[in-house]
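The primary structure of each chain is shown beneath.
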Amino acid sequence: MQPSQSSRRILKPVRSWFIVLTLFVALLLNLIPLGSFPGVPDWVALTLIFWCMHQPQRIGMGAAFMFGLAMDVLDSSIMGQHALAYVALAYVAAGISRRVLWFPLWQQALHVMALMLATQGVMLLARLLTGAQYPGMLWFLSSVTAALLWNPVTHLLLTPQFRPEDKDFNRPI
Amino acid sequence: MSVAGGATPPFFRRGPPPLVRLCFFASLSVILLVIDLRFRTLEWARLSVTTAAWPLQRIAYLPIDTTETLAGFFTRMSTLQAANEELRRRQLTNTHVLLRQNHLEEENKRLRALLDMRERLPVEGRVADILYAARDPFSRRVIIDKGIQHGIAAGQAVVDDLGIIGQVTRVFPLTAEVSLLTDKDQAISVQVERNGLRAVMAGVGASTMELRFLAANAEVQVGDLLTTSGLDGLYLPGLPVAKITKIDRDNSFAFARISCEPLAGVERHGLVLVLGNRLALPAVPEDAVVAVESPMRGKRIKKKIR
């Protein structure tokens, strides 16, 4: 398993279509109408953080902007609200990726929680400045859920990159 | 091979630096925000993306749909029987009203003809099902399963069996978005049923509404029923809207703080009726408009009530 950089296994290169597929699946998960049920994570943001940290060369602010716009339309919120938050998220995630990936997974999850809270803060600012009502403290619970999901999501999204484990004692890697 | 001062080899070419890209996309987002809020000219983009994503939305709705079907399948017989009994009883109590309705309408028409007043057109309704609440946590909206193709238009009133729940604010080909009465941007002109006092009510979220701009000594009581006044030209007059739950008369403020709760199941899901467009009100006389607008001149004019 190679959840963090300190692991000694080498991963296979990622396929581009897999990144796009996971992002669309995340969008689909976000579309499930659960109403204002508290604690439902923002799947698109979580997947974006993951790919921006693990593949900063492949996925970045352009993709974040496009998926943000899609979320804006499908969420029937104001155009640009998610786009703005996701672009900032992609920038910070790619910026701190080299450092964060050396931490063990639960410490990475703390970073993710801070990032998600900041994303929600950007959205909150954009909406409150334009005169919407405050959604209540429970809304921030979704960041905590996202942080708790960081471990399973990391393992799930890295699965296609793992090589079969065959122990070769002549080559330690 | 790279020579000092030569062109960068393609391996190192990564496009513009991240900070430049961040500034570009962030300013683009802010521009979109402003355009969408100020000019509302992005509805076409919304319409096309929503239409394109319709299959995706149906797929996402599947789990909820399946759960509802399963829950319906496992409903107990006794529950169904009780509901059936209740409905039959209600129908019986309403029968005499319905039977006399036609007679009264005929009479009303004749009386109106005698008085030389304009006839009230019957307004037709369209039954729709609330699919789900919109995911946006900053507003209170629901999506119904009827859209442009079924003749729904923005601005139509939506009622359930107890009273008004809101107004259609956005239409898509197969769905429509209803802003609930409790939405912060939603206002409705009402009157107190007991004494005919007129006021404006606006949502404050969390299934409460607020009666605004009534003087601290206004003649209202807790428990008063509020109905639509019909002055806004959107809602038919006389539809029940809300009940006053709390009045806070503080003399240090010019207005009383009056909280109300909606009568209809605003935060509940189920079948609703979308009422057709009301006949347009007669045009406001020219001099009246001038008289109202002149003191506002030079000030910032507040956003219109939608």
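Residues numbered from 1 in each chain as written. Chains lettered and ligands numbered in written order. Predicted model: local features only at pLDDT ≥ 70, side-chain atom pairs only at ≥ 80, totals over all residues.

Novice: Lay out the sheet that holds strand 3 (residues 157–159) of chain B in plain terms, naming residues and giving numbers.
Specialist: All names here are of chain B. If you trace the 6 strands once around the closed barrel, you get 1-2-5-4-3-12, paired in antiparallel fashion. Direction aside, neighbouring strands of the sheet carry axes that sit 45 degrees apart on average. Both strand 3 and strand 12 (residues 271–275) contribute to a ladder of 2 bridges, which runs antiparallel. Pairing of V158 across the sheet is with V274, part of strand 12. (Pairing = 2+ DSSP bridges. Helix = DSSP H or I, 4+ residues; strand = E, 2+ residues; numbered from the N terminus. Axes fitted to C-alpha atoms, helices over the stretch in contact; angles between N-to-C directions.)

Novice: I'd like a description of unusual backbone geometry, backed by residues and values.
Specialist: Among all residues except glycine, the phi angle is most often negative; among peptide bonds, the trans geometry is most common. Residue and element names in this part refer to chain A. Positioned with a positive phi, S76 is a non-glycine residue whose angle comes to about 50 degrees. Along the chain, the position of S76 falls in the loop between helix 3 (61–74) and helix 4 (81–100). Judged by local crowding, S76 falls into the partly exposed class, with 18 C-beta atoms found within 10 Å. (Buried ≥ 20, exposed ≤ 12 C-beta atoms within 10 Å, placed from the backbone.)

Novice: Go over the pairing of strand 8 (residues 208–212) of chain B, please, and point to the residues and values.
Specialist: Residues and elements named next belong to chain B. Burial of strand 8 is one-sided: the residues M209 and L211 facing one way are buried, the residues T208, E210 and R212 facing the other way are not. As paired strands, strand 7 (residues 198–205) and strand 8 are joined by 5 bridges and run antiparallel to one another. Bridge pairing in strand 8 links M201 to L211. Where strand 7 hands over to strand 8, the hairpin turn is made up of 2 residues, of which A206 adopts a positive phi near 55 degrees. Where strand 8 meets strand 11 (residues 257–262), 3 bridges bridge the pair, whose relative direction is antiparallel. Across the sheet, the residue bridging to L211 is I258, located in strand 11.

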